[in-house]
Amino acid sequence: MDLRAHRPVLLGGSMQALGVRTDGVYVDATFGRGGHARAILARLGPGGRLLATDRDPAAIAAGAPLVAADPRLTLRQARFGELAEWLAGAGLAGRIDGLLADLGVSSPQLDSPERGFSFSAAGPLDMRMDPSAGTSAADWLAGADEREITRVLRDYGEERFAKRVARAICTARRESPLTTTAQLAALCERAVPTREPGKHPATRTFQALRIQVNAELDELRALLANVCELLAVGGRLVVISFHSLEDRIVKRFIRDESRGGALPKGLPVTDDQIPRRLKPIGGVVRASDDEVRANPRARSAVLRAAERLA
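In this convention, every chain numbers its residues from 1, walking through the sequence in written order. In keeping with the predicted nature of the model, local features appear solely for residues at pLDDT of at least 70, side-chain atom pairs appear and are counted solely at 80 or more, and the whole-chain, interface and lining totals rest on all residues. In computing side-chain properties, one takes all heavy atoms of the structure into account and sets aside hydrogens as well as water.

Considering the overall build of the protein chain
A helix here means a DSSP run of H or I that spans at least four residues, while a strand means a run of E at least two residues long, and both kinds are numbered starting from the N terminus. Each helix and strand in the protein chain was counted, giving 13 helices and seven strands. Put simply, the radius of gyration uses C-alpha atoms, and a globule should come to 2.2 Å times the residue count raised to 0.38. A compact globule built from 310 residues would reach a C-alpha radius of gyration of about 19 Å, and the protein chain, at 21 Å, matches this within 12%. With the principal axes as the frame, the protein chain shows a C-alpha extent of 60 × 60 × 40 Å. For the protein chain, contacts bridging at least 24 residues in sequence account for 68% of all contacts bridging at least 6. Just so you know, the count uses Lys and Arg for positive and Asp and Glu for negative, and it drops His and the chain ends. One atom stands in for each charge, and that atom is NZ of Lys, CZ of Arg, CG of Asp or CD of Glu. Considering the protein chain, the positive charge centre built from 45 side chains and the negative charge centre built from 38 side chains are found 4 Å apart. Every residue pair with non-hydrogen atoms within 4.5 Å of one another is taken to be in contact.

In structure tokens, the structure reads:
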């Protein structure tokens, strides 16, 4: 895939929020196909540096030519939970001028039937960001009980009919294993009694299973837990979310860090003594109508940004 053909979401908004300095050190925590990384590199000078990660080996392979062509870029396969250790080991803790995370599944992952992320094309029911590690969606569904499947569909997919879908999955797997996206999509069509405008009845189930299989919310929390120690004073955190579960975590994190945490009631401290680590910047950014027309997957994107305080 030509990296230049990839269309990153909220490119203008994310670059404005990062405020890239020519001599800065930046992190792209979700390299994907390099759309945001290319934009950061275009704004860096010869002394600038970009460190990028992705847990998908296909993304790392796709970025290899860019790494070879630009010595300012370092690209490594890693999960969010491994990022802090890597940067600290490189002596960069407290020196990062901006960190960008474009969450969720990428367009190449959705467009590759063999990855199993999409109900639109038949493929193996996998959904792992890193196909070499962890448990596939098919294997997880084969071993989880009905109560656990219901919980995942309800909590991670916000599926109103989680119990019906879970029961249908457990009934179907007694006859034969669920191993393909087509099988699961057809099951959801039968199990979900109502239709949301513009949404396939399998949308919420597929989202829930992807989040479960990849521990996406836990990985996001791990990233946020360490980000203040990674950022330099004045450094920016920029996160693009695609569903309310992710966005809620990011929103609450920025809110809590900008308030300074809970202090004992009646403690004699002045406002300037409250240990705030972040301040929100720029407000919530969403895709324009023009961007959504050009790239429908940008419709649900929400960008939030914050700056590291002293």
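Considering the confidence of the model for the protein chain
Caution applies to low-pLDDT regions: their predicted coordinates should not be interpreted in detail. Residues with a pLDDT of 70 or more make up 94% of the protein chain, whose mean pLDDT is 93. The low-confidence segment residues 1–5 (pLDDT under 50) makes eleven contacts with residues lying over four places distant or belonging to another chain. As a per-residue quantity, pLDDT reports the predictor's confidence and falls between 0 and 100.

Section: the sheet that holds strand β2 (residues 49–54)
Hydrogen bonds along the backbone pair up the strands of a sheet, which may run parallel or antiparallel. We call two strands paired when DSSP finds no fewer than two bridges between them. Spatially, β3-β2-β1-β4-β5-β7-β6 is the arrangement adopted by the seven strands of the open sheet, whose pairing is mixed. With partners counted over all chains shown, the strands left at the sheet margins are β3 (73–77) and β6 (278–286), one partner each. Across the sheet, the mean angle separating the axes of adjacent strands is 15° when strand polarity is ignored. Bridge analysis of strand β1 (residues 25–28) against β2 gives four bridges, and the strand direction is parallel. Looking across to β2, one finds that Y26 is bridged to L50. As a rule, the C-alpha atoms of each element are fitted with a line to give its axis, helices using only the stretch in contact, and angles between N-to-C directions run from 0 to 180 degrees. Sheet strands touched by helix α3 (residues 57–69): β2 and β3. Its angle to β3, the strand with the most contacts, is close to 160°. Against the sheet, helix α4 (residues 80–89) makes contact with β1, β2, β3 and β4 (96–102), and its axis sits at roughly 145° relative to β2, the strand it touches most.

A few points about the nonpolar core
In these notes, a set of buried Ala, Val, Leu, Ile, Met, Phe, Trp, Tyr and Cys residues joined through side-chain atoms within 4.5 Å is what counts as a nonpolar core. Think of it in three bands: residues with accessible area under 20% of the maximum for their type are buried, residues over 50% are exposed, and the middle band is partly exposed, with areas taken using a 1.4 Å probe on protein chains only. Judged by nonpolar contacts, the single largest core of 63 residues is most densely connected at L87, L99 and I149. Counting residues per element, this core draws most heavily on helix α11 (residues 216–230), which supplies seven residues. With sequence-adjacent residues up to four places away left out, I149 is seen in contact with W140, L141, A144, A166, I169, C170 and R173. If you look at the next biggest cluster of nonpolar residues, it comprises 29 residues, including Y26, F31, L50 and A301.

Side note on unusual backbone geometry
One non-glycine residue, L10, lies in the positive phi region at around 50°. With respect to the helices and strands, the residue L10 is situated in the segment before α1 (11–18). Although it is not a glycine, M127 adopts a positive phi angle of roughly 75°. Checked against the element boundaries, M127 lands in the loop between α5 (107–110) and α6 (137–143).

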